[in-house]
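One-letter residues, chain by chain:
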Amino acid sequence: MKIKFESDLAYQEDAIQSIVDVFRGQDVCTANFTVVAPRELNKGKTTFQDELGYGNKLQLTEAQVLENIQEIQLRNGLKPSKVDEVEKSNYDFSVEMETGTGKTYVYLRSIMEMNKRYGYKKFIIVVPSVAIREGTYKSLQMTHAHLKELYDNVPYRYFIYDSANLSQVRDFAISDQLQIMVITIQAFAKDLSGSSSGSKRILLEYNDKLGAKPISLLQNTRPIVIVDEPQSTLSSALQKKSVKNLHPLALFRYSATHKEKVNLLYKLDAIDAYSQKLVKQIEVASVKTEGAANEMAFIKLVSVSNKNGMSAKLELDVKDKSGKAKRTVKVVKQNEDLLQLTGLPQYTDFYVRNIYIEQDYIEFSNGIEITTGSSYGALDDLIIKRTQIAKTIEEHLDKELRLNPLGIKVLSLFFIDAVANYKVYDEEGNASNGIYAQMFEEEYTRLIALHKYKSLFEEEKNLETDASKVHKGYFSIDKKAKSSNKKERFEYFKDTTGSVKADEDTYNLIMRDKEKLLGFKEKLRFIFSHSALKEGWDNPNVFQICTLKEAGGSETRRRQEIGRGLRLAVNQNGERVYGFDVNTLTVMASESYEDFVTHLQKEIEDETGIKFGFLEEHSFSNVIAQMNGNTPIYLGHEESEDLFNHLLIKGYIDTKGKIQDMLRIDLKDGKVDLGKEYEIHIENQLLEVLKKTAGKLEVKDHADKMTIKLNKKVYLSPEFKELWDRIKYKTTFRVNYDSKSLIEKCIQQMDSRIVISGGRVIFQKALVQFEQGGLLTTGESDEVYGLKAQVTALPDIITYLQNETQLTRRSLVAILVGISKRTLGYFKVNPQKFIEASIEIINEQMRLHIVDGIVYTKKIGEDTYYSQELFKNEELSVYLKSNMVASTKSPYCFTITDSLVESRLAAEFEQSKNIKLYTKLPSWFKIDTPLGTYNPDWAVLYVKDGTEELYFVVESKGTLGMEFLRPAEQGRIDCGKKHFEELGSKLITATEMKDVYDGVLGGE
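Now for a description of the structure that goes with this document. A quick note: this is a predicted structure, and the numbers were derived from the prediction, not measured.

Side note on the pairing of strand β27 (residues 624-628)
Relative to strand β28 (residues 631-634), β27 runs antiparallel, the two being bridged by four bridges. Within β28, the residue paired with Met-627 across the bridge is Pro-632.

Written out as C-alpha cells, the structure reads:
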C-alpha cells in the first residue's frame, strides 16, 4: 500500500510560498565553474578532462531580498527582520512546523518549486542523525512519483552522501540536472581552525581521485542548504561553522522545536496544528496504585557517582508530611540507614554497606545487591507496567472495532527502558521473552478472548490470535560468541543511544516496513523500541504510545515521543482521513496525566518559544485591513505595535505582553478598549486574536470587589470593649489520662474502623486541548480495579508503632492482642496500610484522652491576650458573590461568612433583640489545644430580661449531633468549652438562633 500525497493543502502551500518568495524577482539563471580533473593518476596518465560545473546564482540585491522577507513575515503575522539581521545571517532563515504536519514534504516541494521558478539545481539536506537521514531518504523515495507528476516529469537525482563513493560528489557538481544530497552533520563537522584535535572527515580532505577536496566541489555549487532539526544539527558553534563552510546561497532551517529562530518566515506551531485539526488530538492516560501490598522495600538504583565522595541515587518510598509513602529519589552515602531516611518499617536492616562505582552497583548490610537501572521489591511497579500494557492493548482493540470498517489499520508503539525487558538470551544465544513481552502476550491472549472483540477475528482483515505474531521489537543488533563454541556467534538485541553505526540496520528495517505496516495483510500491530524510534520515524496509524520507562529523564522527551504518532491516519487506499473522531492518539504515560500535561506545556514553552497567554508587538500585523482585488492589505507592523502599546498603557497586558485579568473581564463583558475606532471587520479580527490568547481562565470580577470598612460605632462602643476584654485572654493547659481506658478505646476504634484491601489500580484518562492560553484537560474519567497480593514478610510493627506513638511496648502489645483476628488479619493483607491506620487511630485516641483530663489556666502578662486593635489593622477584601450579611451590630459594616449556616445565623443575630452586638472571630483568634489550634466562629453579647448581660462564644455547625462530628473536631470543641469556662464565659454549639436561646436559657 502506498501513501497518497495531497498537493493542495492550504497551509503547506502557504509554507512553500513563504520559502520560495524569498527570491521573488530572480530570473532563471545558472552559475558555471571549472571542475579540475586529476592529473597524476595511473603513473602519470591523465584519466579525466576538466569539466564544467553547475551552481546556483543569486541576482537580487540585499535590499530586494529584505523587502521580500518582510512582506512574507507581514502576511504570516511574524516579527519583521531588520537589515542587520539579514546581513549578519548570510541569508539564514527558519521555518517552524509542528511534528506530523509534513515539514519534510514541504521542504521537498520547496526544492522543486525553486527549481521550477529560478532554475536552482543544487540542494543539500543536512540532518542530525542516521535516523533522520534514513527517514528523509524514505520520504524522497515515497514522494518521487508524486513530485515528478506534479512538476512535469522534471528529472532529478537524490542520494545519501557516502564517504566510500566520492564520485557522487563529483556528479553533484558537474550535473546539469536537479541534485539533492542528504548528509549527516557528523560527515563533515570538524575543527576547521586547523587543529589536529578534530577527527578526520573525508569530505574535508584532499582526494587524489577527485583532484580536489570534496567539499570544495560542493562549495562551488553555492548549494541551497536545508537543515532538518537545527536544534540538534546546529547545536554547537562548530556545527554552525561547518554548515556555513558549505558556502550556501541560502540556508533554511526546518523544525517544530527551534532553539533559535533566525529570520522566521513561516510558523505552524502546536496550537495552530491542533486548532486546524492537522494532527491527532492527544488523550493522556495514566496508571497508579493505591494501597498495593508491598511486603518489602522498593529500591531502584538510579546512578552511582564519585564526584564528591562515593554516593548513589536511589528511588525509594519515603514517608511524606501526611504520613503517606511517596516514591522519591534520594542521594545516599556509605553506612546510610534507609529506615531513618524513609521513615518506613519495610526498610529495617537496609544499611548502605558499599557503593561500587566501576561495577555500577550498591550493596546493603542484609546482603542485597542492586545494579544501576535495576530495582528490588518492585511489586507495585510491575503492577503498573502490566496494567499499562493491558490498557494499551484494550485501547488498541477498541479502536480496531471502530476504525477497521473505515479501512484504517491500528498500530501501537511501546517505548521501553531496556532491551532485556523485551528479549533475553542465554549463553548459547537462545532467545526468550523478557518481562514486558511476556506480560504483553499474557494480556493480549486474555483480552482477545472477551466476547466484545470476537468480530475482530472473523473477517478477512482479522487480527492474529497467536500473540507472538502481533508484536515485534526494533532494536540494534550485535553479535556475541557462544559460550560452548567461541567460534560460533549469535545475533542479539542490544541497548544503544540511537545515533551509532549499529543503529543503521534498525532504521533501515523500520523504514522498509513503514508502508507495509499500514496494510491489513501484515499481522504486526504492536511495536517495541528502545531508542531507535525517538526521532526520524513515525507512522500515521500509530494510535497508542505506551511509555514503559520513567518520565522526565534526560533521554525522555514527551513531545519527541508523542511526535511518533501525531500524523493523521491513512486508509487502505493511502488517503488521509480527517477529523478528531478518527484521529485520537492515546498516550499511556508513566506519570499522572496532570503531571504529563504540565510537563508537556513546559516542554512546548521551552522548546518552541510559545508563551501561553502572551501577546507580542507584531501579534496584530497580519489582520486584514482591506482587500485590493484578491490581494489582502494588512494592518501592518506599525499599527500592531501601536495597539500593543495601548493595551500596555491600559493595563490589559504587562511589559512582557502577558494578558492580565482586566482584559479577560472586559472581553467577557464585551467592552474592550482598543484605543480608537476600527471598522467592524477589523475590530472583530482584533478581538479574536485577544480571545484566543487570553484563554478560558476563570477570573473573579474585579468590578465586584470591595473593601469591608470598620463599623466604628460598634468597634468603639463600651459594650464591645467589655465583650472583648472578657474573651481576649490566651490560656495554657495541663493534661492527664487513663492508660487502661486508652487501650480499650484503641481496640474498639481499630476493630470498628480498620478495613484494608489488597490495594487497587486506578486508570485515569483525559483529553488535552491546545489553546493559546495554555494546555487544558477535559473529559476526565477514572476506572478502578481491585488487587490481591499475598504478603510473606512482615515488618517489626511494635518497634515502628512505638517510634510513631511514643506508647510503651506493653501498651502496644495489649492493643494488638486485644483487637479481633479479622482486624489483625489486615496486617498480612497490607502491612504498610495497616500500620498507617493503627498510628492514626492510636494518636487520635491519645489526643482525645488528653482532652478528658485537660485543665486550662489564664496566662498572665502583657503579651498574653489578643489586642482589640487587630480588628482596626485588618483590611477585609471580598467579592460580592461571597457570603455577606450587612451588619449594624458587628465591628464591620458587613459580616463575611464561610457557609450558608453562618449566613443565616448572622442574619438572625441582626434581627434578634437579645443580641446587642456580635463579632465573627478573625482567623488570628486561636485557642491552643492538644489537637491543634482551634478557631471558634462567634462572640456575642446577649441581653437577658432586659438588664443582665452574658458573654458567649458560639460555634455554628451544620449538625448539632456531636456524634456526627469527627473525633478530633469534637475534641477541639470540648477544649474550647474549658478554655472559655476559665475566662468566665461559655461556648454554645448552634445552627440557628433557637439553639442560642436554648443554650442561654436551659444550657446544653
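Things to note about the nonpolar core
In this structure, Phe-23, Met-114, Ile-125 and Phe-252 are the most contacted members of the largest nonpolar core, which totals 50 residues. Per-element accounting of this core gives the leading share, seven residues, to helix α4 (residues 103-118). Contact partners of Phe-23, with chain neighbours within four places excluded, come to Leu-58, Leu-60, Asn-68, Met-114, Tyr-118, Tyr-120, Ile-224, Ala-250 and Phe-252. Val-318, Leu-338, Met-750 and Met-846 belong to the second largest nonpolar core, which has 44 residues in total.

Overview of the environment of Tyr-866
Within the secondary structure, Tyr-866 sits in the loop between β33 (855-858) and α27 (869-873). C-alpha of Tyr-866 to C-alpha of Lys-926: the two residues are 60 residues apart in sequence and 9.3 Å apart in space. Not counting chain neighbours up to four residues away, the residues in contact with Tyr-866 comprise Trp-724, Lys-728, Lys-730, Trp-924, Phe-925 and Lys-926.

A word on helix α16 (residues 593-608)
If you check α16, its first and last C-alpha atoms are 22 Å apart, about what 16 residues at 1.5 Å a residue would give, namely 22 Å. Taken as a whole, α16 has its buried residues at Tyr-593, Phe-596, Val-597, Leu-600, Gln-601, Glu-603, Ile-604, Glu-607 and Thr-608. Buried positions in α16, seen along its axis, are confined to an arc of 160° and lie on one side of it. Those residues of α16 that are exposed and aimed more than 90 degrees away from the buried face are Thr-598 and Asp-606. Among the residues trailing α16, Gly-609 stands out with phi positive, at a value near 80°.

Considering a negative patch on the surface
The grouping of Glu-616, Glu-617, Glu-638, Glu-641 and Asp-642 at the surface amounts to a negative patch. Take Glu-616: it is sitting in the loop between α16 and β27.

Examining helix α25 (residues 821-829)
Residues Thr-823, Tyr-826 and Phe-827 constitute the buried set of α25. In an axial view of α25, the angular spread of the buried residues amounts to 110°, which keeps them on one side of the axis.

A short note on the packing of aromatic side chains
According to the stated counting rule, one finds 32 aromatic pairs in the structure shown. Here Phe-440 and Phe-528 contribute two aromatic rings whose centre-to-centre distance is 5.9 Å and whose plane-to-plane angle is 90°, an arrangement assigned as edge-to-face. Placement of Phe-440 in helix α13 (residues 435-448) and of Phe-528 in strand β24 (residues 526-529) is noted, with a sequence separation of 88 residues between them. This pair shows no difference in class: Phe-440 is buried, exactly as Phe-528 is. Every member of this aromatic cluster is reached through a ring pair, and the members are Phe-23, Tyr-91, Phe-93, Tyr-118, Tyr-120 and Phe-252. Lys-277 extends its terminal NZ or CZ atom over the ring of Phe-580, reaching a point 5.2 Å from the ring centre. When the ring centre of Phe-763 is taken as reference, the NZ or CZ atom of Lys-391 above it lies at 4.4 Å.

Here we look at the environment of Lys-300
The residue Lys-300 is located in strand β11 (residues 299-305) in this model. Note on Lys-300: relative accessible area 16%, which makes it buried. Counting along the chain gives 16 residues from Lys-300 to Leu-316, while the straight-line C-alpha distance between them is 6.9 Å.

Regarding the side chain of Gln-168
In this structure, Gln-168 sits in helix α6 (residues 167-174). Non-local contacts of Gln-168, meaning those with residues more than four positions away in its chain, are made with Arg-157, Phe-159, Ile-160, Tyr-161 and Asp-162.

What to know about the sheet that holds β11
Paired through backbone hydrogen bonds, the strands of a sheet run either parallel or antiparallel to each other. Taking strand neighbours across the sheet as the criterion, the four strands line up as β13-β12-β11-β17 in an open arrangement whose pairing is antiparallel. Looking at which strands have only one partner, the edges of the open sheet turn out to be β13 (325-333) and β17 (375-376). Examined bridge by bridge, strand β12 (residues 311-319) and β13 share nine bridges and lie antiparallel to one another. The partner of Ala-312 across the bridge, within β13, is Val-332.

As for the sheet that holds strand β6 (residues 178-184)
Across the sheet, seven strands lie side by side as β5-β6-β4-β7-β8-β3-β9; this open sheet has parallel pairing. Single-partner strands in this sheet number two, and they are β5 (156-160) and β9 (264-268). The sheet shows a mean angle of 15° between the axes of neighbouring strands, taken without regard to direction. By the bridge criterion, five bridges tie strand β7 (residues 224-228) to strand β8 (residues 250-255) in an arrangement that is parallel. Counted as the bridge partner of Val-225 is Leu-251 from β8. Packed on one face of the sheet, helix α1 (residues 10-20) meets β3 (92-97), β8 and β9 and runs near 170° to β9. The sheet strands contacting helix α5 (residues 130-150) are β4 (122-127), β5, β6 and β7, and the helix crosses β5 at an angle near 165°.

Thoughts on the pairing of β4
By the criterion of burial, β4 is predominantly enclosed, with six of the six residues buried. When β4 meets β6, the two strands line up parallel, connected through six bridges. Residue pairing across strands places Ile-124 opposite Met-181, the latter belonging to β6. As judged from the four bridges shared by β4 and β7, these two strands associate in the parallel manner. Across the sheet, residue Phe-123 finds its bridge partner in β7, namely Ile-224.

Here's the deal with the pattern of salt bridges
Pairing between side chains becomes possible if they bear opposite charge and their charged atoms approach one another. In total, this model carries 38 salt bridges according to the counting rule given. Among the salt bridges present, the one from Lys-244 reaches Asp-92, with a minimum N-O distance of 3.7 Å. Within this pair, whereas Lys-244 is found in helix α9 (residues 237-244), its partner Asp-92 is found in strand β3, the two being separated by 152 residues in sequence. Take Lys-244: its relative accessible area is 29%, and that puts it in the partly exposed class. In this structure Asp-92 comes out as buried when scored by relative accessible area, which is 4%.

Parameters and conventions
- Residues numbered from 1 in each chain as written.
- Predicted model: local features only at pLDDT ≥ 70, side-chain atom pairs only at ≥ 80, totals over all residues.
- Heavy atoms only, no water.
- Pairing = 2+ DSSP bridges.
- Helix = DSSP H or I, 4+ residues; strand = E, 2+ residues; numbered from the N terminus.
- Core = buried A, V, L, I, M, F, W, Y, C linked by side-chain atoms within 4.5 Å.
- Buried < 20%, exposed > 50% of the residue type's maximum accessible area, 1.4 Å probe, protein only.
- Contact = heavy atoms within 4.5 Å.
- Expected span 1.5 Å × (residues − 1).
- Arc of directions from axis to C-beta.
- Patch = residues over 30% accessible without salt bridge, like charges linked within 9 Å, V, L, I, M, F, W, Y side chains within 5 Å.
- Areas by Shrake-Rupley, 256 points an atom, 1.4 Å probe, with all protein chains shown as cover.
- Salt bridge = Lys/Arg side-chain N within 4 Å of Asp/Glu carboxyl O.
- Lys, Arg positive; Asp, Glu negative; His and termini not counted.
- Charge placed at Lys NZ, Arg CZ, Asp CG, Glu CD.
- Phe/Tyr/Trp six-rings, centres within 6.5 Å; stacked < 30°, edge-to-face > 60°.
- Lys NZ or Arg CZ within 6 Å of the ring centre and 35° of its normal.
- Axes fitted to C-alpha atoms, helices over the stretch in contact; angles between N-to-C directions.

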